[in-house]
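Okay, here's what each chain looks like letter by letter:
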Amino acid sequence: MGTGRNVERRTILKAAGATAATLGLAATTGCGGDSDSSGDGTVTLRYAWWGGEPRTIAIKKTIALFEKKYPKIKIKPEFTDYEAFWEKFQTQASGGNPPDVFQNAVGFLRKYDKRGVLLDLKSQADAGNLSLDNFRNGVLANGQVDGKQIAIPVGANTMALVIDLKAFKKAGVEAKFGWTWDEYFAALQTIQDKLKIAGDTGYFSIMYLYDLYLRQNGKAFFTDSDLGFTEDDLTQWWTDGYKRVKSGLVADPKKIEQVKPKSGLSAGLAASEFTWDNFSIRYEGEGESDYGLAPIPTTDGKQTGQYLGSLMLSGFSGTKHPKEVAQFISFMVHDPEVGKIMGYDRGILATTEQYDAFKPADAQNKGVAAYEDEVAKAGVLGKITPHPSGADVIEAAFLRLGGEVAQGKSKPADAAKALFSEAKAAFAG
Amino acid sequence: MTLVKEAPVRPAGKRPAAPAAGRRGRRRENLAGYLFMSPWIAGFLLLTAGPMIASLYYAFTRYNLFTPPEWVGFDNFTTMFHDPRWQKSVEVTLKYVVVATPLKLLLALGVALLLAQSRRGQGLYRAAFYMPSLIGASVSVGFVWRALFSDDAIVDRTQKIFGVDVGGWIGNPDYVLYSLVALSIWQFGAPMVIFLAGLKQVPRELYEAAEVDGAGPFRRFWNITLPMISPVLFFNVLLESIHAFQVFGSAYVVSDTRCGPADATLVYTCYLYQKGFKEAQMGFAAAMAWSLVVAVALVTAVLFWSQKKWVHYEEAAK
């Protein structure tokens with residue numbers, strides 16, 4: 001019996017040990033990944049962004065540069081694609097563990113400001129840790145909400161029409177500044193008649209383009225807290241769009257869907273596509289033609305409704321190292337070397353130091369610079385319209401419902417009604 | 001040494017009765033058992049039971065992850081039933097379950113019947129047919145599927161040989177769901193193995209007797225094989241239906257994370273995921289999850305009830 005008891009005791013002890021070990025292990029893994037300062041005063045910051053491989057390679061180079069200059073600050077990179085980035089960010093932020101510094105965009109500013117996630121960088125600027133000087137064309141305002149500076153622009157971009165230069169030339173169509181929507185659709189018709197391909201990849205599902213159209217007509221997609229147009233406006237926009245799909249002026253949405261993630265333009269399914277100007281750099285690598293930037297069509301021959309948008313850097317309000325976060329952001333937006341490395345990947349460089357340092361050598365980057373110069377000279381640039389909390393959800397709904405209309409699965413009026421109902425829920429969320 | 005010292009302390013006259021010692025022993029054994037189980041118990045409580053209870057609570061709240069949950073009673077459920085996208089997701093899921101499950105089981109049974117016969121290289125065939133089930137759930141297969149069923153890809157080109165031109169299934173709202181059905185059917189390995197095991201259990205004598213009586217292959221299958229494997233069939237129907245209700249990965253990947261085009265692959269879990277992780281409506285997502293649990297429980301109950309009519313257990317036959 002004694003032996004038995006010993007065995008039992010040993011068994012129990014072992015079991016207890018195993019349990020403790022397991023729980024201990026769980027506890028250790030649970031703590032992983034937190035940023036903190038080490039014994040020698042070195043601070044580690046987590047820096048997250050979305051984007052493709054070229055951006056990641058470039059950003060990693062800029063991090064190396066920063067760490068060389070600030071040996072006491074280490075940067076831990078986190079990156080993924082756009083969709084995954086915001087899903088992950090939402091979970092991290094709700095758990096109080098978002099990255100210290102992260103890429104941000106106008107559609108998310110109010111959402112995360114409302115939730116108290118974003119660091120007000122104004123106080124850091126006042127303390128001398130971050131410079132708010134030398135931003136071009138007033139883009140610094142893109143990162144301001146209700147008097148707070150919650151993001152710092154790294155680049156500026158504006159909507160453009162990317163065209164297949166060869167196709168436009170072959171069809172004998174010219175895209176000129178101040179052209180109207182009627183002229184644009186007439187050009188698409190010529191392309192269709194002469195080349196037997198669609199002219200556009202599906203303009204009417206792009207929220208940012210519809211915003212420009214509304215701005216041309218004295219409205220805007222968003223007001224401070226609501227939608228800035230009516231159900232009838234949108235019904236009309238989608239009805240016209242669907243007609244153009246049916247007539248073949250706009251590419252078959254079934255085909256566009258299947259070439260993703262490639263764009264319909266670089267896949268040769270259409271001759272033009274509306275997008276942000278800095279996105280145009282990718283088309284050259286993707287497609288077999290030559291691509292160029294053309295002006296946004298207008299309603300009155302003058303106003304394009306354009307404004308400068310931005311990708312930005314924000315800090316986490318709960319970071320343990322606000323000073324270092326500010327220093328890092330300041331370096332990333334002002335250092336000329338960083339400008340040279342990044343080029344126009346995230347739009348035309350936002351500060352004069354970086355803009356002057358980078359001289360584009362290839363046709364694509366040169367094209368983007370020339371386009372923005374031309375837009376600025378034309379004096380059409382307006383102030384960015386507000387993006388209330390929930391704008392990101394509405395953008396996704398706009399794309400989805402526009403797609404349903406294009407596929408003939410929803411009537412324009414029903415889709416417009418659905419967008420208004422989903423927007424209501426998104427604003428409330 | 002301690003034991004020797006302790007020994008006299010125990011009253012000599014009161015030698016513990018055997019049952020009491022047994023009870024103590026059992027108690028110790030139980031204690032050891034619980035200690036061994038404790039990692040699992042802790043895991044179950046922390047990772048399964050806890051979150052389930054929490055999600056049941058969230059189902060009755062409005063919860064955006066950032067502000068504290070706000071109690072809204074049955075609001076999420078009423079909103080859900082009136083939501084056209086929720087209705088669409090139910091419709092898509094039911095269509096998927098009703099089409100994919102029988103087809104998959106039919107193929108699994110068909111191949112199992114072929115593989116049940118002794119022939120050379122049988123092991124190789126079984127492994128080959130089972131293989132897709134092992135890799136079928138992976139994201140990479142979703143990408144492969146997307147490539148196979150796209151415009152001008154292999155499926156589209158093959159169809160064109162037969163004069164059918166739909167221009168790829170992936171971009172077509174009327175066809176894309178069937179590419180998911182095809183993916184599900186392709187992974188018929190698991191039910192096939194279960195069918196094989198069932199087929200091996202059918203006594204040879206029954207077939208011999210039937211053959212003597214002049215029954216043909218179809219009759220033998222209908223009157224002997226099917227009733228004899230009905231418990232296995234029931235098990236497979238149950239398992240595969242439950243799996244089909246929970247389809248997510250393939251829909252998410254094949255449709256490029258949007259569960260479309262035009263919500264054509266908006267299966268229930270895909271919409272749940274969008275509500276929870278893209279729109280941060282965790283209360284709504286939790287309500288959806290619990291509704292799915294109830295729906296699957298109901299389907300299971302109906303299947304159990306129906307088995308009295310078509311499942312033959314040997315014990316019942318005796």
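Residues numbered from 1 in each chain as written. Chains lettered and ligands numbered in written order. Predicted model: local features only at pLDDT ≥ 70, side-chain atom pairs only at ≥ 80, totals over all residues. Heavy atoms only, no water.

Per an unreviewed UniProt entry, chain B goes by Multiple sugar transport system permease protein and derives from Streptomyces canus. Entered under Subcellular location (unreviewed entry) in the UniProt record, the comment concerning chain B runs "Cell membrane". (UniProt positions renumbered as here; feature names shortened; annotations may be inferred.)

### Observations concerning the overall build of chain A
Counting secondary structure elements, chain A contains 17 helices and 13 strands. When its C-alpha atoms are laid out on the principal axes, chain A stretches across 95 × 55 × 40 Å. Looking at chain A as a whole, 53% of its 429 residues are labelled buried. By element, 54% of the accessible surface of chain A is carried by carbon and sulfur atoms, the whole surface being about 18100 Å². Distance from the positive charge centre (51 side chains) to the negative charge centre (53 side chains) of chain A: 5 Å. (Helix = DSSP H or I, 4+ residues; strand = E, 2+ residues; numbered from the N terminus. Buried < 20%, exposed > 50% of the residue type's maximum accessible area, 1.4 Å probe, protein only. Areas by Shrake-Rupley, 256 points an atom, 1.4 Å probe, with all protein chains shown as cover. Lys, Arg positive; Asp, Glu negative; His and termini not counted. Charge placed at Lys NZ, Arg CZ, Asp CG, Glu CD.)

### Quick word on the UniProt feature "transmembrane region" (unreviewed entry) in chain B
Residues and elements named next belong to chain B. Using the residue numbers shown here, the UniProt feature "transmembrane region" (unreviewed entry) corresponds to residues 31-60, 96-116, 128-148, 175-199, 220-239 and 282-305. The distance separating the terminal C-alpha atoms of residues 31-60 is 39 Å; by composition the span is 93% helix and 0% strand. End C-alpha to end C-alpha, residues 175-199 measures 35 Å, and it is 88% helix and 0% strand.

### Thoughts on the confidence of the model for chain B
Residue and element names in this part refer to chain B. Considering every residue of chain B, the mean pLDDT works out to 90; 92% of them sit at 70 or more. Counted against residues more than four places away or in other chains, residues 1-9, with its pLDDT under 50, gives one contact. Reported confidence for the predicted complex is 0.86 by ipTM and 0.88 by pTM. (pLDDT = per-residue confidence, 0-100. Contact = heavy atoms within 4.5 Å.)

### Some words on a nonpolar patch on the surface
Residue and element names in this part refer to chain B. The grouping of Met131, Leu134, Ile135 and Trp186 at the surface amounts to a nonpolar patch, some 400 Å² of accessible area in total. Within the element layout of this structure, Met131 appears in helix H5 (residues 122-135). Among the residues examined, Met131 registers a relative accessible area of 47% and is labelled partly exposed. (Patch = residues over 30% accessible without salt bridge, like charges linked within 9 Å, V, L, I, M, F, W, Y side chains within 5 Å. Salt bridge = Lys/Arg side-chain N within 4 Å of Asp/Glu carboxyl O.)

### Topic: the sheet that holds strand S3 (residues 101-105) of chain A
Residues and elements named next belong to chain A. An order of S2-S1-S3-S12-S6 is seen for the five strands of this open sheet, with the pairing classed as mixed. One side of each edge strand has no neighbouring strand; the edge strands of this open sheet are strand S2 (73-80) and strand S6 (152-153). Here strand S1 (residues 43-50) runs beside S2; their pairing, made up of eight bridges, is parallel. Considered in S2, the bridge of Tyr47 is made with Pro77. Sheet contacts for helix H2 (residues 53-69): S1, S2, S3 and strand S12 (311-315); angle to S2, the most-contacted strand, approximately 170 degrees. (Pairing = 2+ DSSP bridges. Axes fitted to C-alpha atoms, helices over the stretch in contact; angles between N-to-C directions.)

### Some details on helix H11 (residues 217-228) of chain B
Where H11 of chain B is concerned, the buried positions are Arg220, Ile224, Thr225 and Leu226 of chain B. Contact partners of the buried residues in H11 of chain B: helix H4 (84-116), helix H9 (189-200), helix H10 (204-212) and helix H12 (230-245) of chain B.

### With respect to a positive patch on the surface
Residue and element names in this part refer to chain B. Among the surface-exposed residues, Arg23, Arg24, Arg26 and Arg27 lie close enough to one another that they form a single positively charged patch. Take Arg23: it is sitting in helix H2 (residues 18-58). Here Arg23 falls in the partly exposed class, since its relative accessible area comes to 47%.

### Re the packing of aromatic side chains
Residue and element names in this part refer to chain A. Applying the stated criterion to the full structure yields 68 aromatic pairs over all chains. Just above the ring of Tyr355 sits the side chain of Arg136; from NZ or CZ to the centre is 3.6 Å. Over the face of the ring belonging to Tyr283 we find Arg282, whose NZ or CZ atom lies 5.3 Å from the ring centre. (Phe/Tyr/Trp six-rings, centres within 6.5 Å; stacked < 30°, edge-to-face > 60°. Lys NZ or Arg CZ within 6 Å of the ring centre and 35° of its normal.)

### Looking at the packing of H4 of chain B against H12 of chain B
Residue and element names in this part refer to chain B. Relative orientation of the contacting elements H4 and H12 amounts to 145 degrees, with a least axis distance of 9 Å. Here the hand of the crossing between H4 and H12 comes out right-handed. Residues Thr93, Leu94, Tyr96, Val97, Thr101, Lys104 and Leu105 of H4 pack against Asn236, Val237, Glu240, Ser241, Ala244 and Phe245 of H12. Across the contact of H4 with H12, the residue classes tally to seven nonpolar, four polar and two charged. (Left-handed = near helix turned anticlockwise from the far one by under 90°. Nonpolar A, V, L, I, M, F, W, Y, C, P; charged D, E, K, R; others polar.)

### Focus on the environment of Phe204 of chain A
All names here are of chain A. Relative to the helices and strands, Phe204 resides in the loop between strand S9 (198-200) and helix H8 (207-216). Looking at Phe204, the relative accessible area reads 1%, which means it is buried. On a C-alpha basis, the gap between Phe204 and Trp237 in space is 7.1 Å, while along the polypeptide they are 33 residues apart. If near-sequence neighbours (up to four positions away) are discounted, Phe204 is found in contact with Trp237, Trp238, Gly241, Val245, Val250, Phe398, Gly402 and Ala406.

### With respect to the packing of helix H3 (residues 75-82) of chain B against helix H15 (residues 282-310) of chain B
Residue and element names in this part refer to chain B. Packing of H3 against H15 brings their axes to within 9 Å, and their N-to-C directions diverge by 75 degrees. Considering their axes alone, H3 and H15 lie roughly perpendicular with respect to each other. Together, Asn76, Phe77, Thr79 and Met80 of H3 and Gly283, Phe284, Ala287, Met288 and Ser291 of H15 make up the contact between the two elements. (Parallel < 35°, antiparallel > 145°, perpendicular 65-115°, else oblique.)

### Digging into the environment of Gly218 of chain A
For Gly218 of chain A, the position within the fold is in the loop between H8 and helix H9 (231-246). In the structure, Gly218 of chain A is positioned 87 residues away from Gly305 of chain A in sequence and 9.1 Å away in space, judged by C-alpha atoms.

### Observations regarding the interface of chain A and chain B
Of the residues lining the interface, 32 residues belong to chain A; the matching set on chain B comes to 39 residues. Between chain A and chain B lies a buried interface of about 3200 Å² when both sides are counted; carbon and sulfur atoms form 56% of it. Three residues stand out in chain A for area buried against chain B, namely Glu87, Gln90 and Gln258 of chain A, and they jointly supply 19% of the buried area on that side. As a salt-bridge pair, Asp151 of chain B and Lys255 of chain A come within 3.1 Å of each other at their nearest N and O atoms. There are 11 residue pairs in polar contact (both at pLDDT 80 or more) connecting chain A and chain B. When contributions to the side of chain A that touches chain B are tallied by element, the ones reaching two or more residues are helix H1 (2-31), helix H3 (82-94), helix H4 (106-114), helix H10 (253-259), helix H16 (391-406) and helix H17 (412-428) of chain A. Counting residues per element, the side of chain A that touches chain B draws most heavily on H1 of chain A, at nine residues. (Buried area = accessible area lost by both parts, 1.4 Å probe. Polar contact = N/O pair within 3.5 Å; in protein donor to acceptor, adjacent residues only side chain to side chain.)

### Notes on unusual backbone geometry
Of note, the amide linkage connecting Lys260 of chain A to Pro261 of chain A takes the cis form, showing an omega dihedral of 5 degrees. Checked against the element boundaries, Pro261 of chain A lands in the loop between H10 and strand S10 (270-276). Cis geometry marks the peptide bond from Gly260 of chain B to Pro261 of chain B; its omega dihedral reads 10 degrees. Checked against the element boundaries, Pro261 of chain B lands in the loop between helix H13 (249-254) and helix H14 (268-278). Within the chain, Asp146 of chain A stands out as a residue other than glycine whose phi angle is a positive 50 degrees. In this fold, Asp146 of chain A is placed in the loop between strand S4 (144-145) and strand S5 (148-149). The phi torsion at Lys196 of chain A lies on the positive side, around 60 degrees, for a residue other than glycine. Turning to its location among the elements, Lys196 of chain A is positioned in the loop between helix H7 (181-195) and S9. The exposure class assigned to Lys196 of chain A is exposed, which follows from its relative accessible area of 67%.

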